[in-house]
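One-letter residues, chain by chain:
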There are 2 protein chains.
Amino acid sequence: MATLGDVAARAGVSISAVSRVLSDAPDSRVSAATRERIVDAARELNYRPNFAGRALKSARTQVVGLVVPDITNALFTELMHGAEDEATERGYTVLLGRSDDVRPGGEVIARLIGEGRVDGMALQVGDAVQPAGLRDLITTQAPIVLVNSSYPGHVGSVTLDDHRGALIATQHLLELGHERIAFANGLPRSFTAKRRRTGYKLALATAGLRMPKEYETRIGYTVDNGRTALRRLMALDPKPTGIVVANVNAAVGLLGEARRAGIRVPEDLSVVTVHDSWTAENTWPPLTAVKMQFYTVGRAAVRSVIRRIETGETSDEVVTDPPPELVVRESTAPPRTA
Amino acid sequence: MATLGDVAARAGVSISAVSRVLSDAPDSRVSAATRERIVDAARELNYRPNFAGRALKSARTQVVGLVVPDITNALFTELMHGAEDEATERGYTVLLGRSDDVRPGGEVIARLIGEGRVDGMALQVGDAVQPAGLRDLITTQAPIVLVNSSYPGHVGSVTLDDHRGALIATQHLLELGHERIAFANGLPRSFTAKRRRTGYKLALATAGLRMPKEYETRIGYTVDNGRTALRRLMALDPKPTGIVVANVNAAVGLLGEARRAGIRVPEDLSVVTVHDSWTAENTWPPLTAVKMQFYTVGRAAVRSVIRRIETGETSDEVVTDPPPELVVRESTAPPRTA
DNA sequence: GTGAAAGCGCTAACAT
DNA sequence: ATGTTAGCGCTTTCAC
């Protein structure tokens, strides 16, 4: 690999001149002719700045870490794209990490930041992570922004408008004429579950309805959790005619389980989910979903991390624009008895 | 962040002594007492070796890149886990990258290697990438191992036993009594598609059967490609009674389209796919699939990259152990007329 | 058994 | 307008 020295030798100038030109310093102070020689030499040698050299000198890597609970979760596609687009525009690179099953975020993050592999991080912790595992984060003053999660006292977060998402989903069923609407939610300790809950309740309250306590399950966001929720909800009397599911993976499981139980969707039961993804389009029937703005959240998160790195400013932000968007497919219909 | 100097000062020893102890050099040549002082000091200061400093000095990052066409594809979960497990055991870290849609691999790789961000790479190129885009790779002598892909003249690859996977899938339908078996395959230029094709053909030939040319579609591996394949195959006369799909995403689409067309699975049509993933369990009906050993391939790929980095050796490897495994679910049954 | 010192590639303050 | 130089944190050779 060619170094600055190689380029300098070939162009017949000093190393610092080359550095100034190739790292486009604000004031490179070289003549047009010299600049050209340098640029040519660099191209001929296929010069690329050495990452370690630059990072060591500047104490900056221009890398931000993005850690999500499960990288292959379709939900995070847009989040990652948003993060990468924002990073690229600002001259940063995104380093993807999984918040490992065993050590919920803690060790990975400490390494990434402590060893100077990244300048800052955007961190989405999973539904199932105990908030206690986040303790280390808040003690460090590292530039960490939480995505769709929270920790008491931690400042710096970007979140989806979960409240509104659940509200829109519930309203959709109300408008179809449903009056017994259940809610398959995440775990009680989950930050997002809490906020989706308020949206569900508000929609019902506004319509002048109240549901029995058992109409909300708080089991979790996985496919299996969704299956369990379906069984529990459809064992109630009276049965709900519609279910709002707080997560698309859970909705996929719930739908599969309904199928298995011989419950027809949407004839016997309407299902609407918060979150859209390609999997929702490919269930049978295709799932009506409220599309959340993951792309925008990804951008905002990286923007926030970089601001924190470069200026030290922090903020807590909710992405409300664009708002969540209802995508009507075939899993919802008016209730039979209506 | 504490440096070696800080630790040395606190322990009252030289920097080099600290370095020898903390980087567990084979021969640290320090007394037990000194060693203890050093280890204590490091712990108290929460010392972590600076990544850039180490990389700059040693010209090694201990990082291998893993680039796949679409990180969020459920198929790559196991591949990544295998890669990470192998890397961890050998003291390496995995850096995840997407082989970007726009620049098919080329630029990402050149940067990662050229800037010294990684020591080597495992690269899986997508079905849709033109082999021409890989030209740069082979010219460099960089430690790159291709995963489930090939480039003429490039040495260093690890692949699934695609031939056998398709063979097993086809045999399953044959054993159920099907005699008109179609094959929804990937693009003709796709390396994996070529090998899956030989498995399909061998199974048929062994059974003494021949299918008309139109029984094989070569459209691609996406959900939409699967939908198209279904329409094309079910327009034939006579219709196939069973379809082997070369990719699980395509199978999901194909199944959805069958549903839409009013074709009952498995009563009217059996569907078996090569590749298993959680999505296959959650279609309706759940998909019979041949589970390919992605985890093992991930491990083997990283092992191969590291060997290439450390010893310069190269190899082309097919993962045959464990063999692909048939997982019977509910999308396959004997043909109606049988 | 321990320490001093050079140097990896780069940037930036300081000459000239 | 261009060059010299120090030093980022680390490893490693060499000297003691």
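As a reminder, the structure under discussion sits directly above these lines.
Thresholds applied
- Residues numbered from 1 in each chain as written.
- Chains lettered and ligands numbered in written order.
- Predicted model: local features only at pLDDT ≥ 70, side-chain atom pairs only at ≥ 80, totals over all residues.
- Heavy atoms only, no water.
- Near = heavy atom within 4 Å.
- Polar contact = N/O pair within 3.5 Å; in protein donor to acceptor, adjacent residues only side chain to side chain.
- Helix = DSSP H or I, 4+ residues; strand = E, 2+ residues; numbered from the N terminus.
- Nonpolar A, V, L, I, M, F, W, Y, C, P; charged D, E, K, R; others polar.
- Buried < 20%, exposed > 50% of the residue type's maximum accessible area, 1.4 Å probe, protein only.
- Pairing = 2+ DSSP bridges.
- Right-handed = clockwise from strand over helix to strand, strands pointing away.
- Least-squares fit on C-alpha atoms with pLDDT ≥ 70 in both.
- Contact = heavy atoms within 4.5 Å.
- Buried area = accessible area lost by both parts, 1.4 Å probe.
- Salt bridge = Lys/Arg side-chain N within 4 Å of Asp/Glu carboxyl O.

1. Side note on the protein's contact with DNA strand C
And then number 1: Every one of the 25 residues lining DNA strand C counts as a neighbour, but A:Leu4, A:Tyr47, B:Ser31, B:Thr34 and B:Lys57 are closest to it.
And then number 2: Of all DNA strand C atoms lying within 4 Å of any protein atom, the proportion belonging to sugar or phosphate reaches 55%.
And then number 3: Residue A:Arg54 places a side-chain N or O atom 2.7 Å away from a phosphate oxygen belonging to DNA strand C.
And then number 4: Separating a base nitrogen of DNA strand C from a side-chain N or O atom of B:Lys57 is a distance of 3.1 Å.
And then number 5: Elements with a minimum of two residues in the surface near DNA strand C: α2 (15–22) and α4 (51–58) of chain A together with α2 (15–22) and α4 (51–58) of chain B.

2. Quick notes on the protein's contact with DNA strand D
And then number 1: Contacts to DNA strand D come from 25 residues, most closely from A:Ser16, A:Ser31, B:Leu4, B:Tyr47 and B:Arg54.
And then number 2: The protein-proximal atoms of DNA strand D, defined as those within 4 Å of the protein, are 52% sugar or phosphate.
And then number 3: Residue A:Ser14 places a main-chain N or O atom 2.7 Å away from a phosphate oxygen belonging to DNA strand D.
And then number 4: Elements with a contribution of two residues or more to the surface near DNA strand D: α2 and α4 of chain A together with α2 and α4 of chain B.
And then number 5: Of the residues belonging to the surface near DNA strand D, the class tally is 8 nonpolar, 10 polar and 7 charged.

3. Digging into the pairing of strand β8 (residues 242–245) of chain B
All names here are of chain B.
And then number 1: Side chains Gly 242 and Val 244 of β8 all project onto a buried face; the interleaved residues Ile 243 and Val 245 project onto the opposite face, where all are buried too.
And then number 2: Here strand β6 (residues 181–185) pairs with β8 via 4 bridges, running parallel. The residue bridging Phe 183 from the neighbouring strand is Val 244, located in β8.
And then number 3: With 4 bridges connecting them, β8 and strand β9 (residues 270–274) associate as parallel partners. Within β9, the residue paired with Val 244 across the bridge is Val 272.
And then number 4: A crossover links β8 with its parallel partner β9, the connecting element being helix α11 (residues 248–260), and its sense is right-handed.

4. Points about the relation of the copies chain B and chain A
Copy one and copy two of the chain differ by a rotation about an axis and a translation along that axis.
And then number 1: If you rotate chain B by 180° and push it 0.0 Å along the axis, it lands on chain A with an RMSD of 0.0 Å. Taken together, the rotation and translation describe the operation of a two-fold axis. Taking the C-alpha atom as reference, chain B places B:Thr72 closest to the rotation axis, 2.0 Å from it.
And then number 2: The overlap is high: 100% of the interface residues of chain B also sit at the interface in chain A, so the same surface is used on both sides.

5. What about the interface of chain B and chain A?
And then number 1: Each partner contributes to the interface: chain B provides 43 residues, whereas chain A provides 43 residues.
And then number 2: Summing both partners gives a buried area of about 3,800 Å² for chain B against chain A, and 57% of it is carried by carbon and sulfur.
And then number 3: On the surface where chain B and chain A come into contact, there are 2 salt bridges.
And then number 4: Between B:Arg260 and A:Glu330 there is a salt bridge whose closest N-O contact spans 3.3 Å.
And then number 5: Along the contact surface separating chain B from chain A lie 8 residue pairs in polar contact (both at pLDDT 80 or more).
And then number 6: Elements represented by at least two residues in the side of chain B that touches chain A include exactly α4, α5 (76–89), β2 (93–98), α6 (106–114), α10 (223–234), α11 and α12 (278–281) of chain B.
And then number 7: Of the residues forming the side of chain B that touches chain A, the biggest block, 6 residues, is contributed by α11(B).
And then number 8: Looking at side-chain class alone, the side of chain B that touches chain A contains 17 nonpolar, 14 polar and 12 charged residues.

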